[in-house]
Amino acid sequence: MGRSEQEQLPPPDPRLPPGQRPQRGWPVLHYGPVPRFKPLTWDFQVFGATASAEKHSWDFEEFRALPTVTVRGDLHCVTRFSMLGNEWSGVAAATVLDRVPPADNVTHVMVWAEYGYSSNLSLADFAAAGTVFATHHNDEPLTVEHGFPVRLVVPQLYAWKGPKWVRAVEYMRADRRGFWEERGYHNRADPWSEQRYSYQEEPGDGPLR
Ligand SMILES: Nc1nc2c(c(=O)[nH]1)N[C@H]1C(S)=C(S)[C@@H](COP(=O)(O)O)O[C@H]1N2
Ligand SMILES: [Mo]
């Protein structure tokens, strides 16, 4: 009896969502130029529908003094490569919610980066235990190409939902599309159900376009 085709293939990695392949090395992928970090003027703002109705901002030293976590999280790029087994350290998004509580009726957040890049998330995805404003990857500080000083990592969503060079979080009382979500990418972006493009959206997946 000949060996079946299935026996000759390595078992699929359970960490790989459908249509993704593992990537060796860490590619750099983003739209536009790499911003220069200016420590004296850098801040991290939380604005919009805060419980206090006031904007909050941390300077670089204050942000670095926030409590940190280390989480494991895979990166799934919608262009079909996945970086598996990353260890991210930084400030949990839950810590931001704890330090600057949102108003009761906040349902979504917009995360803003340098040069106006943005991505929207449901409050539930933002509050998830694995969602982290990472400053370190595998114990090394992020390089500038990968988002130094801070990038968002949302392991349960496609990687465009994690802006590099984050500068602000906006609390929102209704959903609104971010940079790629306005340009044809899926509003929710769950890689496990291959929510790649906005034409796949079902009613309720996002605001009307
Ligand atoms: N500010 C910013 N963040 C971004 C992007 C971008 O264009 N600008 N691209 C996203 C996309 S599509 C991916 S796949 C990841 C890539 O991260 P990497 O360059 O560290 O691999 O960054 C995400 N964060
Ligand atoms: Mo991506």
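Here the structure is a predicted model, which means the values were calculated and not measured. (Residues numbered from 1 in each chain as written. Chains lettered and ligands numbered in written order. Predicted model: local features only at pLDDT ≥ 70, side-chain atom pairs only at ≥ 80, totals over all residues. Heavy atoms only, no water.)

## Notes on the sheet that holds strand β3 (residues 56-59)
The criterion, for reference: Criterion used throughout: strands pair if DSSP finds at least two bridges between them. Put simply, DSSP marks the helices as runs of H or I at least four residues long and the strands as runs of E at least two long, and each gets a number from the N terminus on. Between N-to-C directions, angles cover 0 to 180 degrees, with each direction set by a line fitted to C-alpha atoms, over the stretch in contact for helices.
The sheet built from five strands is open, its strands ordered β3-β2-β11-β6-β7 with mixed pairing. Unpaired on one side and paired on the other, β3 and β7 (118-122) mark the two borders of the sheet. Sheet twist, expressed as the mean angle between neighbouring strand axes with direction ignored, is 15 degrees. Taken together, the six bridges between strand β6 (residues 108-113) and strand β11 (residues 166-172) define a ladder with antiparallel strand orientation. By the bridge assignment for β11, V109 is matched with Y171.

## Re the layout of surface pockets
Which entries qualify depends on this criterion: Computed over the protein atoms alone on a 1 Å grid, cavities are sets of points where a 1.4 Å probe fits but cannot get out and pockets are open sets with protein on both sides within 12 Å along at least five of seven lines; a residue lines them when it has an atom within 4 Å of a point. Grid points are joined across faces, edges and corners, and a volume is the space filled by probe spheres set on the points. Throughout this entry, Asp, Glu, Lys and Arg are counted as charged residues, while Ala, Val, Leu, Ile, Met, Phe, Trp, Tyr, Cys and Pro are counted as nonpolar. The remaining residues, Gly among them, count as polar.
One number sums up the size of the largest pocket: a volume of about 590 Å³. A class-by-class count of the residues in the lining of the largest pocket yields 22 nonpolar, six polar and three charged. The calculated volume of the second largest pocket comes to roughly 180 Å³. Lining the second largest pocket are F60, F63, R64, L66, T68, S89, G90, V91, T135, H136, F148 and P149. For the lining of the second largest pocket, the secondary structure elements donating two or more residues are α2 (60-64), β5 (81-92) and β8 (132-137). In terms of residue class, the lining of the second largest pocket is made up of six nonpolar, five polar and one charged.

## So, the nonpolar core
Side chains of a nonpolar character, in soluble globular proteins, are inclined to be buried together. Rules: To qualify as a nonpolar core, a set must consist of buried Ala, Val, Leu, Ile, Met, Phe, Trp, Tyr and Cys residues joined through side-chain atoms within 4.5 Å. Three exposure classes are used, based on accessible area relative to the maximum for each residue type with a 1.4 Å probe and protein chains only: buried under 20%, partly exposed in between, and exposed over 50%.
F44, F63, F126, F133 and Y171 are the most contacted members of the largest nonpolar core, which has 27 residues in total. Looking at this core, the elements with two or more residues in it are β2 (43-48), α2, α3 (93-99), β6 and β11.

## Let's talk about the site of ligand 1
The condition that has to hold: Proximity is defined per residue: if any heavy atom of the residue lies within 4 Å of a molecule or strand, that residue is considered near it. Polar contact criterion, stated in full: a pair of N or O atoms within 3.5 Å, where within protein one must be able to donate a hydrogen and the other to accept it, and residues adjacent in sequence count only if both atoms are side-chain atoms. In these tables, accessible area is a Shrake-Rupley quantity obtained with a 1.4 Å probe, and a residue counts as shielded only by the protein chains included in the view. In this scheme, a molecule is assigned to a cavity or pocket if more than half of its atoms are within 2 Å of the grid points.
The full set close to ligand 1 counts 17 residues, and P27, Y31, H146, R151 and K164 are the nearest of them. Side-chain polar atom of H146 to an oxygen atom of ligand 1: 2.6 Å apart, as the coordinates give it. Between R151 and ligand 1, the recorded distance is 2.6 Å, taken from a side-chain N or O atom to an oxygen atom. Taking 530 Å² as the accessible area of ligand 1 by itself, protein coverage stands at 96%. Applying the majority rule of atoms within 2 Å of the grid points places ligand 1 in the largest pocket. For the shell around ligand 1, a count of residues per class yields 12 nonpolar, three polar and two charged.

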